[in-house]
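In case you want the letters, here they are:
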Amino acid sequence: MTLPRWGSLREARAFAGEQQPWIERQRQRLEEQRTATPVVPQAVLREAWARAKRELPPRLLGLAADLGLSVSRVSVRNQKWRWGSCSRSGHICLNWRLVDMPDWVRDYVMVHELMHLRRMDHSRRFWKLVAAACPDYERARAWLRANSPSAWGGLRTNSTC
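Rules and cut-offs
- Each chain carries its own residue numbering, running from 1 in the written order of its sequence.
- Residues qualify for local features only when their pLDDT is at least 70, as the model is predicted, and side-chain atom pairs are given and counted only at 80 or more; totals for whole chains, interfaces and linings, by contrast, use all residues.
- Side-chain metrics rest on all non-hydrogen atoms present in the structure, leaving aside hydrogens and water.
- A pair is scored as a salt bridge if a Lys or Arg side-chain nitrogen falls within 4 Å of a carboxyl oxygen belonging to Asp or Glu.
- Burial classes follow relative accessibility: with a 1.4 Å probe on protein chains only, a residue under 20% of its type's maximum area counts as buried, one over 50% as exposed, and anything between as partly exposed.
- Helical segments are the DSSP runs of H or I of at least four residues, strand segments are the runs of E of at least two, and each set is numbered from the N terminus.
- Here, two residues are considered to be in contact whenever any of their heavy atoms come within 4.5 Å of each other.
- Pairing between strands is defined by DSSP: at least two bridges between them are needed.
- To obtain an axis, a line is fitted to C-alpha atoms, over the contacting stretch when the element is a helix, and the angle between two such axes runs from 0 to 180 degrees between their N-to-C directions.
- Orientation labels follow simple angle bins: below 35 degrees gives roughly parallel, above 145 gives roughly antiparallel, 65 to 115 gives roughly perpendicular, and whatever is left gives oblique.
- Nonpolar residues are Ala, Val, Leu, Ile, Met, Phe, Trp, Tyr, Cys and Pro. Charged residues are Asp, Glu, Lys and Arg, and all others, Gly as well, are polar.
- Here the expected length of a helix is defined as 1.5 Å per residue gap, with one fewer gap than residues.

What follows is about the pattern of salt bridges. A full pass over the atoms with the stated rule returns nine salt bridges. Measuring nitrogen to oxygen at the nearest pair gives 2.8 Å for the salt bridge that ties D107 to R106. This pair shows no difference in class: D107 is buried, exactly as R106 is. A cluster of three or more residues bridged by salt bridges with shared partners is formed by R59, D103, R106 and D107.

Have a look at this one:
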């Protein structure tokens, strides 16, 4: 819990006491998630990261060329909340976890980021650009929604890092 500057410790404790059933449910849910998630050996993660750095940038640049777009820079990162991002300067960052997704889902994420080179928003016009470049994008988005929890929180390692 975060206590506002003007808040009192007594009020915070009272609030936490009132919210105890909710807090317990959340703790239990997190513990169930943690125990249900398999531990991935550090060596496996390192290999996936290395493969992502080898495979993702060339694929993105190939898609960009096919679409007549120019990318200024490609980075592979360990983003916690995004599959990818695109800056106004044309720098595209990709989440390394894309390397283990089905090709058609990975390509959708890349096309999505590439279309931000044309439109830096999520307007109807943006989605029309995505649909023109990736007609099956809605199926890929559904796959991401269905499979993201295991990909985001699901990579536990036997390392303390």
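Here we take up the side chain of H116. Mapped onto the elements, H116 comes out in the loop between α4 (103–115) and α5 (124–133). By relative accessible area, which is 8% here, H116 ends up buried. The contacts of H116, once residues within four sequence positions are left out, are C86, D121, H122 and F126.

Counting buried positions along strand β4 (residues 91–95) yields five of five residues, so the element is predominantly enclosed. Alternating positions in β4 separate into two faces, H91, C93 and N95 on one and I92 and L94 on the other, with burial throughout. Pairing geometry for strand β2 (residues 73–77) and β4, over five bridges, is parallel. Bridge pairing in β4 links R73 to H91. Linking strand β3 (residues 84–86) to β4, which pair antiparallel, is a turn of four residues; within it G90 sits at a positive phi near 90°.

Running from N to C, helix α1 (residues 9–18) and helix α2 (residues 20–36) cross one another at 65°; their axes reach a closest spacing of 4 Å. When the interaxial angle is binned, α1 and α2 end up roughly perpendicular. Within the contact between the two elements, α1 uses A16, G17 and E18 and α2 uses Q20, P21 and I23. Split into classes, the residues belonging to the contact of α1 with α2 amount to three nonpolar, two polar and one charged.

One open sheet holds the three strands; their spatial order is β2-β4-β3, and the pairing between them is mixed. Every other strand in the sheet has two partners, leaving β2 and β3 as the edge strands with one partner each. When strand polarity is set aside, the average angle formed by the axes of neighbouring strands in this sheet is 15°. Contacts from helix α3 (residues 42–66) reach β2 and β4 within the one sheet, and its direction differs from that of β2 by about 150°. On the sheet, α4 packs against β3 and β4 and is oriented at approximately 15° with respect to β3.

A few words on α4. Over its 13 residues, α4 extends 18 Å from the first C-alpha to the last, a length consistent with the 18 Å expected when each residue adds 1.5 Å. Across the 13 residues that make up α4, a large majority, eleven, are buried. Buried residues of α4: V105, R106, D107, Y108, V109, M110, V111, H112, E113, L114 and M115, and no others.

Attention shifts here to the environment of W81. As for its placement among the helices and strands, W81 is situated in the loop between β2 and β3. In this structure W81 comes out as exposed when scored by relative accessible area, which is 75%. Separated by 25 residues in sequence, W81 and R106 place their C-alpha atoms 16 Å apart.

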